[in-house]
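Coordinate analysis (summary)
Below, each chain spelled out in residue letters.
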Amino acid sequence: MTRLLATLAAAVLAFAQTPASLRIAPNDLKADVSFLASDALEGRATPSKGLDIAAEFIASQFRRAGLDPAGDDGYFQTASFESVKPNLDGLELTLDIGGRKIPVDPASMLVTQPVAAVLDNVPVERVAANGRQSLASSAIVIQISAQAPRAMPGRTALRDAAMPAAVPAIVVWDAAVRDALAAAPDASVNVTARIPPPAVEPVKLRNVAGILRGSDPALKDTYLLLTAHYYHLGVRPSGDGDRIFNGADDDASGTASLVEIAHVLAALPAKPKRSIVFVALFGEEIGEIGSLYYVHHPLFPLAQTIADINLEQLGRTDDSERPKVLEFNLTGFSYTTLAATFQKAAEEAGVRAVNDMPSGDSYFARSDNARFADAGVPDTTISVAYMFPDYHAVGDEWPKLDYDNMAKVDNALALAALDLADSAGAPEWNAQEPKTARYIKARKP
Ligand SMILES: [Zn+2]
């Protein structure tokens, strides 16, 4: 093709896909968020009826957009999980520290990974990392802590039924143990333990996935992933007044954005070159288990997944630091080449893509994008406010979101997604940034 023809073709394409055709309506976002964050869905806990209803709603919206189903059961990617409750009856743990036997007070320990085990005087290694001390062997991991974990003792854990059972893990905050370890820093440590089998129940959880198939013969088998978690914290077990964690900003806002961005991109007259995969994830707040499940059971090859754009907290502008209006931030701003694409799209949509430090780097590993990064996929989480009043509180309700602002931000995100899906080059990790070394190493060739 001559240069003139190529320029003309690009101009025609640009005309067909002007920002005007990518306009997301504030009321559509409000409708989605107000439903997802309604009391009727009871905080969308994993697992719960409210979560199932939310999943059905997202699937119906993907159907409305005209996405192809990408799950094993229509739009649903079914995850077989196990709900595992530690059995405290007969739990025993004794540490031998340099010949001194110390039985651990059952009230000062918590089994965080309940796997049945009987250990008789097994040597463990003393490991110190990031100011934390652990006692570890191939049979058990014991983390020594200054205080009880914030999580409720005796809580139920969820684990992927397809993953091999790990070794038991226990957190110990018994002062006698801490003192004995501190008094004999070079002493060898042996563990005697009896961890009874936990109560295990099968649970079905679901990611919701749809695909907008690409149009370019060479690029359609590469994938841009857009994700948001639809799960939230459920209902507070006790207390007066409102007990429902509605999770309007966290993360009904990201889920609604996912749905509406899917709708405008699928409605374009020309399909993007690469395929775009939209996934609403379960279980973010309890260890990103929905994204971890996806990474372990990818619907499309991770090696051909060019990036994950994760959407979190896009509606509230009343950030605890200062009002965040007409701007959004990317975590790990300098980690990848993604930021440049978002800056350009933001400018076109009349907003700004900013590097909000130090939060931007510290939050990189604290959302679903982290699981994709660990698998080597270049990614980021996009947010408007990182911290806002009502964060993880029952007051995170849908009327508190700024839907006009959210629509403007979403318009920019849709433009950026289209740019990424249409460009010949794929996003890359920034090798100049030392923090990306482990992600570059994990990237599949
Ligand atoms: Zn969240």
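How each quantity is defined
- Residues numbered from 1 in each chain as written.
- Predicted model: local features only at pLDDT ≥ 70, side-chain atom pairs only at ≥ 80, totals over all residues.
- Heavy atoms only, no water.
- Core = buried A, V, L, I, M, F, W, Y, C linked by side-chain atoms within 4.5 Å.
- Buried < 20%, exposed > 50% of the residue type's maximum accessible area, 1.4 Å probe, protein only.
- Helix = DSSP H or I, 4+ residues; strand = E, 2+ residues; numbered from the N terminus.
- Contact = heavy atoms within 4.5 Å.
- Pairing = 2+ DSSP bridges.
- Axes fitted to C-alpha atoms, helices over the stretch in contact; angles between N-to-C directions.
- Donors = N, O, S within 2.8 Å, 3.2 Å for Na, K, Ca; no water.
- Tetrahedral: all angles 85-135°; square planar, octahedral: opposite > 155°, others 65-115°.
- Expected span 1.5 Å × (residues − 1).
- Polar contact = N/O pair within 3.5 Å; in protein donor to acceptor, adjacent residues only side chain to side chain.
- Right-handed = clockwise from strand over helix to strand, strands pointing away.
- Salt bridge = Lys/Arg side-chain N within 4 Å of Asp/Glu carboxyl O.
- Domains from an automatic or database assignment.
- Buried area = accessible area lost by both parts, 1.4 Å probe.

For the rest of this paragraph, the subject is the nonpolar core. If you look at the biggest cluster of nonpolar residues, it comprises 78 residues, and the most contacted ones within it are V208, L265, F278, F328 and F342. Ranked by residues supplied to this core, first place goes to helix α10 (residues 403-422) with 13 residues. In this view, F342 contacts I309, F328, L330, A353, I382, L413, A416 and L420; residues no more than four positions away in its chain are not counted. If you look at the next biggest cluster of nonpolar residues, it comprises 25 residues, including L93, L95, I97 and V172.

What follows deals with the sheet that holds strand β10 (residues 169-172). Pairing within the open sheet is mixed, and its eight strands lie in the order β4-β3-β11-β6-β7-β8-β10-β5. The two strands at the open ends of the sheet, each matched to only one other strand, are β4 (100-103) and β5 (109-113). Strand after strand, the sheet turns through a mean of 25° between neighbouring axes, direction not considered.

What follows is about the coordination of the zinc ion. Taken together, the protein ligands of the zinc ion are H229 (NE2), D250 (OD), E312 (OE) and E312 (OE), with distances of 2.0 to 2.6 Å. Geometry at the zinc ion is irregular, judged from its four donor atoms and the angles of 52 to 148° they form at the metal. Of note, the donors binding the zinc ion are all from one chain and are spaced H-x20-D-x61-E. You can see H229 sitting in strand β13 (residues 223-229) and its partner D250 sitting in helix α5 (residues 248-266), a full 21 residues away along the chain. D250 sits in the buried class, given a relative accessible area of 1%.

In this section: α10. Compared with an ideal rise of 1.5 Å per residue, which puts 20 residues at 28 Å, α10 spans 28 Å between its outermost C-alpha atoms and is within 8% of the ideal. Capping of α10 at its N-terminal end is provided by D402; its side-chain oxygen lies 3.3 Å from the backbone amide nitrogen of D404.

So, on to the pairing of β13. Buried residues dominate β13, accounting for seven of its seven residues. The two faces of β13 match: Y223, L225, T227 and H229 on one face and L224, L226 and A228 on the other face are all buried. Bridge analysis of β13 against strand β14 (residues 275-281) gives seven bridges, and the strand direction is parallel. Opposite A228, over in β14, you have A280 as the bridge partner. Running through α5, the crossover from β13 to the neighbouring parallel element β14 is right-handed.

What follows deals with the environment of F342. Its place among the elements puts F342 in helix α7 (residues 338-349). The exposure class of F342 is buried, given its relative accessible area of 1%.

Below, the discussion takes up the environment of R236. Tracing the sequence through the fold places R236 in the loop between β13 and α5. Residue classification places R236 among the partly exposed residues on the basis of a relative accessible area of 29%. R236 sits 58 residues away from Y294 along the chain, and the two C-alpha atoms are 28 Å apart. R236 has contacts with D242, R243, F245 and V394, leaving out every residue within four places of it along the chain. At 2.8 Å, the side chain of R236 forms a polar contact with the backbone oxygen of D242.

Inspection of every chain in the model, using the stated rule, returns 17 salt bridges. Residues D52 and R206 are paired through a salt bridge, measuring 3.7 Å at the closest nitrogen-oxygen approach. Within this pair, whereas D52 is found in helix α3 (residues 49-65), its partner R206 is found in strand β12 (residues 199-212), the two being separated by 154 residues in sequence. Here D52 falls in the partly exposed class, since its relative accessible area comes to 32%. A salt bridge links K324 to D319; the nearest nitrogen and oxygen atoms lie 3.2 Å apart. Via salt bridges that share partners, R316, D318, D390 and K400 belong to a single interconnected network.

The next subject is helix α6 (residues 289-296). Think of an α-helix as turning once every 3.6 residues; residues three or four places apart then point the same way. Across the eight residues of α6, six count as buried, placing the element largely inside the fold. For α6, the set of buried residues is I289, G290, S291, Y293, Y294 and V295. Where the residues of α6 are buried, they touch β2 (76-85), β9 (157-160), β12, β13, β14 and α9 (369-374).

Attention now goes to the domain arrangement of the protein chain. When the domains of the protein chain are assigned, the result is domain 1 (17-83 + 203-442) and domain 2 (99-197). Measuring from the centre of the C-alpha atoms in domain 1 to the corresponding centre in domain 2 gives 36 Å. The interface of domain 1 with domain 2 comprises twelve residues on the first partner and eight residues on the second. Of the roughly 820 Å² buried between domain 1 and domain 2 on both sides combined, carbon and sulfur atoms contribute 64%. When the buried area of domain 1 at its contact with domain 2 is split by residue, F81, E82 and S83 rank highest and sum to 50% of it. Counting the contacts that link domain 1 with domain 2 gives one salt bridge. In this structure, the salt-bridge partner of E82 is R159, at a minimum N-O distance of 3.1 Å.

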